[in-house]
Every structure is written in C-alpha cells, then in structure tokens.
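# Results of the structural survey
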Amino acid sequence: MSGVRLLVGTRKGAFVLTADGKREHWSVEGPHFGGWELYHLKGSPADPNRLYASQGTSWFGQLIQRSNDGGKTWEAVDNKFLYDGVAGTHQWYDGTPHPWEFKRVWHLEPSHADPDAVYAGVEDAAMFRTTDGGRSWHELPGLRNHGTGSKWQPGAGGLCLHTILIDPSNAQRIFIAISAAGAFRTDDGGTTWKPINQGLRSDHIPDKTAEVGHCVHRIALHRSRPNTLFMQKHWDVMRSDDGGESWREVSGNLPTDFGFPIDVHAHEPETIYVVPIKSDSEHYPPDGKLRVYRSRTGGDEWEPLTKGLPQSDCYVNVLRDAMSVDALDRCGVYFGTTGGQVYASADAGDTWEPIAEHLPAVLSVEAQTLP
Amino acid sequence: MSVRVELPAHLRTLARVGGEVTVDVSGTVTLGAVLDALERTYPVLRGTIRDHVTHKRRPFVRFFACEEDLSHEPPDLTLPDAIAAGREPFLVVGALAGG
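## Quick notes on the overall build of chain B
For chain B, the helix and strand inventory stands at three helices and five strands. Helices (α) and strands (β) of chain B occur, in sequence order from the N terminus, as β-α-β-α-β-β-α-β. Projecting the C-alpha coordinates of chain B onto the three principal axes gives extents of approximately 35 × 25 × 25 Å. Looking at chain B as a whole, 29% of its 99 residues are labelled buried. If you take every contact in chain B between residues at least 6 apart in sequence, the share linking residues at least 24 apart comes to 57%.

## Describing the overall build of chain A
Each helix and strand counted, chain A has zero helices and 30 strands in total. In terms of overall size, chain A behaves like a compact globule, its C-alpha atoms giving a radius of gyration of 19 Å where 371 residues would be expected to give roughly 21 Å. If you line up chain A on its principal axes, its C-alpha atoms span 50 × 45 × 40 Å. Split into buried and exposed, the 371 residues of chain A put 53% on the buried side. Residue pairs in contact within chain A that sit at least 24 positions apart in sequence constitute 50% of those at least 6 positions apart.

## So, the interface of chain B and chain A
On the chain A side, the residues contacting the twelve residues of chain B number nine residues. Taken together, the residues of the side of chain B that touches chain A break down into six nonpolar, five polar and one charged.

## Quick notes on unusual backbone geometry
Residues and elements named next belong to chain A. The omega angle of the peptide bond from glycine 30 to proline 31 is 0 degrees, so this bond is cis rather than trans. Despite not being glycine, phenylalanine 33 shows a phi value in the positive range, around 60 degrees. By the secondary structure assignment, phenylalanine 33 is in the loop between β3 (27-32) and β4 (37-43). On the neighbour-count criterion, phenylalanine 33 (25 C-beta atoms within 10 Å) is buried.

## Let's talk about the sheet that holds strand β28 (residues 342-345) of chain A
Residues and elements named next belong to chain A. Pairing is antiparallel in the open sheet, where four strands are placed in the order β26-β27-β28-β29. Since the sheet does not close on itself, it has two edges, and those belong to β26 (323-325) and β29 (353-356), each with one partner. If you compare each strand with its neighbour and ignore which way they point, the axes differ by 25 degrees on average. One ladder, built from four bridges, connects strand β27 (residues 333-336) with β28; its direction is antiparallel. Within the sheet, the bridge partner assigned to glycine 336 lies in β28 and is valine 342.

## As for the nonpolar core
Grouped together as the largest cluster of nonpolar side chains are 133 residues, with contacts concentrated most on Val8, Met231, Tyr334 and Val342 of chain A together with Val34 of chain B. If you tally residues by element for this core, the top one is helix α2 (residues 31-41) of chain B, at six residues. Beyond its immediate stretch of four places on either side in the chain, valine 342 of chain A contacts Leu6, Val8, Leu17, Tyr334, Gly336, Pro354, Ile355, Ala356, Leu359, Val362 and Val365 of chain A.

## Considerations on the sheet that holds strand β3 (residues 61-65) of chain B
Residues and elements named next belong to chain B. Here five strands make up an open sheet; going across it, the order is β2-β1-β5-β3-β4 and the pairing mixed. One side of each edge strand has no neighbouring strand; the edge strands of this open sheet are β2 (21-24) and β4 (68-69). Of the strand pairs in this sheet, β3 and β4 are connected by two bridges, and their pairing is antiparallel. Bridge pairing in β4 places alanine 65 opposite glutamate 68. Running over the sheet, α2 touches β1 (2-6), β2, β3 and β5 (90-94) and is turned about 110 degrees from β2.

## So, the confidence of the model for chain B
For chain B, the average pLDDT comes to 95, and 98% of its residues sit at 70 or higher. Scored by ipTM, the complex comes to 0.95, with pTM at 0.97.

## What about the environment of phenylalanine 60 of chain A?
Secondary-structure assignment places phenylalanine 60 of chain A in the loop between β5 (51-57) and β6 (61-67). C-alpha of phenylalanine 60 of chain A to C-alpha of glycine 190 of chain A: the two residues are 130 residues apart in sequence and 30 Å apart in space. In this view, phenylalanine 60 of chain A contacts His10, Leu11, Thr48 and Arg58 of chain B; residues no more than four positions away in its chain are not counted.

Cut-off values and rules
- Residues numbered from 1 in each chain as written.
- Chains lettered and ligands numbered in written order.
- Predicted model: local features only at pLDDT ≥ 70, side-chain atom pairs only at ≥ 80, totals over all residues.
- Helix = DSSP H or I, 4+ residues; strand = E, 2+ residues; numbered from the N terminus.
- Buried ≥ 20, exposed ≤ 12 C-beta atoms within 10 Å, placed from the backbone.
- Contact = placed C-beta atoms within 7 Å.
- Rg over C-alpha atoms; globule rule 2.2 N^0.38 Å.
- Nonpolar A, V, L, I, M, F, W, Y, C, P; charged D, E, K, R; others polar.
- Pairing = 2+ DSSP bridges.
- Axes fitted to C-alpha atoms, helices over the stretch in contact; angles between N-to-C directions.
- Core = buried A, V, L, I, M, F, W, Y, C linked by C-beta atoms within 7 Å.
- pLDDT = per-residue confidence, 0-100.

This is the structure in structure tokens:
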C-alpha cells in the first residue's frame, strides 16, 4: 500500500512522520540532529530513499546531510560553499555595498531525474549545484552576475535564495526566488538568468515596480502547467501564465494577502492554498484564527478552511517552506507552524488534524508519496 | 606529539566520537597545527570550527588551554608544554549564547 513520509525541519532538529495511504495514523521519528536548525530536507524524486538535509547552527555553521535509506541513517557530505571567483558586493540595509558572505543553505532541490544532482539556494543569495550526491558543491555564478546582483538588498530574514522550481517538462528551465530581490528564471540550466518581476508592485521600495527589489516569499507551480506560476509575495498573491514574464494579482477576497507559503493541489492545477497572516509586523493569523485559504479558480476567489484548525487564540506563523502536498487521491495537504504543530488534511483541505503538536518551531515540511 | 582535544557535544556527535579525542601533531605544537590535525583526522569537522578558506575561527567557538583563553591568538601560537605533552587537553568550546 502506498504511504506518505513527511520530512519536517525545525529549529532544533529534523523529524520524519510516516503514515500509510489512509493517512489516519502517523508515527513520529526524531529528532535527528537534535539541537541543530534544519532549514530544509527534501527527497529525490528519482529515488525517494535518497534524502538531503540542510543542517546548521550559529555556532558551527553549515552542514549537509545525506541519507540513502529514507532517513534511517545519515552521513555528512561536503559543506564547502565557495562563491565563484571574486564574490563582489550586494547592497546592505543602509544602501552601502556589502561583500557577499555565505551564511546558510535555505533550500535543497533535487533533480527530477538524477539522485546525485541537487540545487542549493543559499544566503547570501546564490545558487549552487552538486552532481555527485553532495560530495562537492559549485556555484552557478550567472545568477549573481547577470547584472542586477549588486542592487539586491536583504530582507529582515537575510538575503536568501529560498525557492527553486525545476520545470518538470524541461530541466533546463528553473525558477528561483530571493528575498528581497524577486523572482528569476533560467532557460539554459542555470548559465544565464533574467529577472521575472513585471507586474509586481511593492510599496516598501522607492520604485514600486522596479525590475528587482521585491520581497517574494514563495512561488509554486503544477507539474502539468509549468508556465503557470503562483506567488505569495510579502504582500499580494500573484499569478503568471507566461512563465513569469508578467504577473497579475489574484488576492481577491483574502482577509489579508500577506503570508509566506503557497502551494498547488497535486491533481487540480487551478486549486491553490495560502495561509493569510495579519501583517508584515504581526506574523500571526488574523483574529487568532488559523485558516488555510483555498482557491479552486487559480486565485481571486478564496474559501477559508477551518475544520480541525484552532479558531481562537492562535498566534503562530507558517513559514515559506512549511507547506507541502502529497500525490495521493484525494490530495493530502500539510503544514507546520512556528508553535511546533504539524497539521494534515487527507481530503484536500476540507478537514484537518494535528499529527504532531509539540515540536520545536517548524521551518519546513516536505511530503513524499511512497509507492 | 599526541595532543588531547576536548570537543563540544555537537561536534563529538558529528565526528562520531564519545569523549576526548587524541590527534597526532608533528613538529611544533601550535594552535593552528592542532586544528589542522583535528580536521585531518575528522574531515567532517572542516568548516565547523573555522572557515574553510581563511581559517578564521567561527565567532561562537572558543579555544581554551591550561585555563587560558586562546581564542584571539594567532594560529602560529605555540601551545603550553602541558598540552604538547598530553597532560592537559586543548578545549574547543561552543560559546555561551541563548537559544
């Protein structure tokens, strides 16, 4: 029988939650790497037992861990992330030039075809790749050097490359997002890049429609329509139907269009999910009610999903990499909170239940659908 | 010379060692030579104590020996005889910090 494995990264370790295809009973294993921050874990689509994890602390820096057995055992692989050539500068908070400095890996995106090939999105924003299962990492310098890199500026969370989407129909086309620079696309496997931010409007930058400078929180796509992208920006939920060449706002009737994650139903490319958060300085749900909002129309029209979620006195946040979907029928939807809860829905969001309630603050959730 | 090194708990876990470790240092037992030997013996520790390239100490890591704080000393500092002779351990310490 098929099943689901959730890879949960937290402030103090990683947890692996598993269930069979009914998704009624969950087992929780962990913490792995107790005491360390696990910004992200992800499995290879080509080999679900090959997992990669970004492990770090302020004390001892960045490590990358690899598992070949679905998370039962792990081995540390290479942790040397060196910018290619002369690193140069980006803008600092005060507008002065600031040297690029590696701080951490925010996101790991394995290739769809090769378990040994993985992209890493890092802070200060850059894209790295391994083709030997993490034994060595090399920067794809065309991103930082395409022309706007010197204008990028960190958001409050740092200058982080946090989202990597590989076009399922064309591995040469990759979309990435950086806070607070915006979204970018390559059509040649990462050699050359272009900003794709036309249509975004951000009130926190002097030129509200600038080519770069937008605080994109997350982008998502459905594998059957890789030209359609959905975006949760700092404020505004956006959509593009031309591979990011242009965007339009689809926030519609959301109670607030601030938030972090956005994801797409596994089988319905126009069904999308967000978690509205009150504001950029109030990182908790409006009215103390934790509500996922679902649109079945690709945006504009949204419905609150509340069954099984706390509807009073709830003041947690849901971070950008902390929502995921499985590929079962009906589609499972999962998210983790900064309060240490992981919620699961086995019916596409209609009802929810907590499947872990007292973890450290959740940084990331990735669902793997197992054969 | 066999030098005793005490690692913080997280690095012991990472290096898969239970307690104090011993590393072989040839020539003068300097601060840098001990760290070189440590990373040579336990490659997984590279980048966790000092920068891969510059070898600058990570900000929240401290080096103690014979009740002295050597964190700000240069890598060519010769360590006390008691460290070189193995009577005292060289301490790698995670700095006190919240969280």
